[in-house]
Amino acid sequence: MVPLPHPKKLYFYIDPEIKRDIELAKQNLDSLINDLDISCFTFRKFGKNFPKKHRLSPNSLIQTALQLAYYRMYGELAVTCESVSLRMFRGGRTDTVRCATPEALRFAQAADDPCVMREMKVALLKEAVEAHSILTEQALQGQAIDRHLLGLKLQAIEDGRTVPTLFMDTAYAIATHWRLRTGQVASRTDSVMCFGPLEPDGYAVCYNPMSEHINFSVSAFNCCEQTHAERLAQEIRRALGHLQELLQPSHTA
């Protein structure tokens, strides 16, 4: 083996201007930290093995639960992004699964409706899970829309062209105002990663499904009076428990 030289301590000259910039950066970072509202918890009623027994995607079931939780809080679905990896492509990074589907809305509307029979709720749940699974597979194969549209917009800017009117449309602005940022960061270690919302009035939910439990982190910003990380965390717990009861009615909570 080639011997390595001993490490040497590096000395930096910090002039007054750099020192001011560092202090300002510290203040800005402290402000961001103080504004972040985080709730972490472990859902212990089931993990990824339970959906598999019912031939359902664990990730898609969790995403459907997130839609139900948000719907119970706000009476509507959120514009939701879930990051997926494009590592099967050379130079691929990520794209987006849009989880707020018509199927998820139909299930959320029926979930707490006493006039809807349990069998119908189960059928709607499975349709929502399947719809998400199909979108995920399409995104993994490079068939999602968001990175493609972003590329077209950035190419127009780079070429000095007029940005297409699509990107100026109110509908596009609404469709890209991500109220719910989600992501599965799976790990063999019993841990969970945290990240922040994409919008001032949004949430971020990260999760790590283990065999018999699921680790979650939920975050929001304190500056927004309409969001509350702990309340959404409670609704996620309740939604997951509800899905378990639908799929396994003999289960005792």
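Counting from 1, residues in each chain are numbered in the order their sequence is written. Selection of residues for local features in this predicted model requires a pLDDT of at least 70, selection of side-chain atom pairs for listing and counting requires 80 or more, and totals for whole chains, interfaces and linings are taken over all residues. For the side-chain quantities, the full set of heavy atoms in the structure was used; hydrogens and water were omitted.

A. Structural view of the nonpolar core. Of all hydrophobic cores here, the largest spans 42 residues; its most connected members are Phe107, Val205, Phe216, Val218, Leu232 and Ile236. Helix numbering and strand numbering both begin at the N terminus, where a helix is a DSSP run of H or I of at least 4 residues and a strand a DSSP run of E of at least 2. At the level of secondary structure, the elements contributing two or more residues to this core comprise strand E1 (36-43), helix H3 (58-74), helix H4 (102-111), helix H5 (118-140), strand E5 (203-209), strand E6 (214-221) and helix H8 (229-247). Among the elements that take part in this core, H8 stands out by supplying nine residues, more than any other. The contact criterion used is simple: two residues touch if any of their non-hydrogen atoms lie within 4.5 Å. Those residues within four positions of Phe216 in sequence are excluded, and the remaining contacts are Ser39, Cys40, Phe41, Phe43, Ile62, Leu66, Val192, Val205, Cys206, Tyr207, Ile236 and Leu240. By size, the runner-up hydrophobic cluster in this structure holds five residues, among which are Val84, Val97, Cys99 and Ala144. By nonpolar core we mean a set of buried residues, namely Ala, Val, Leu, Ile, Met, Phe, Trp, Tyr and Cys, connected to one another through side-chain atoms within 4.5 Å. Relative accessibility under 20% of the residue-type maximum defines a buried residue, over 50% an exposed one, and the middle range a partly exposed one, all with a 1.4 Å probe and only protein chains included.

B. Quick look at the pairing of E5. The buried fraction of E5 is high, at seven of seven residues. The two faces of E5 match: Tyr203, Val205, Tyr207 and Pro209 on one face and Ala204, Cys206 and Asn208 on the other face are all buried. Note: strand E4 (residues 180-184) against E5, five bridges, orientation parallel. Residue pairing in the sheet places Thr182 in a bridge with Val205 of E5. If DSSP finds at least two bridges between two strands, the strands pair. Both E5 and E6 contribute to a ladder of six bridges, which runs antiparallel. Within E6, the residue paired with Val205 across the bridge is Val218.

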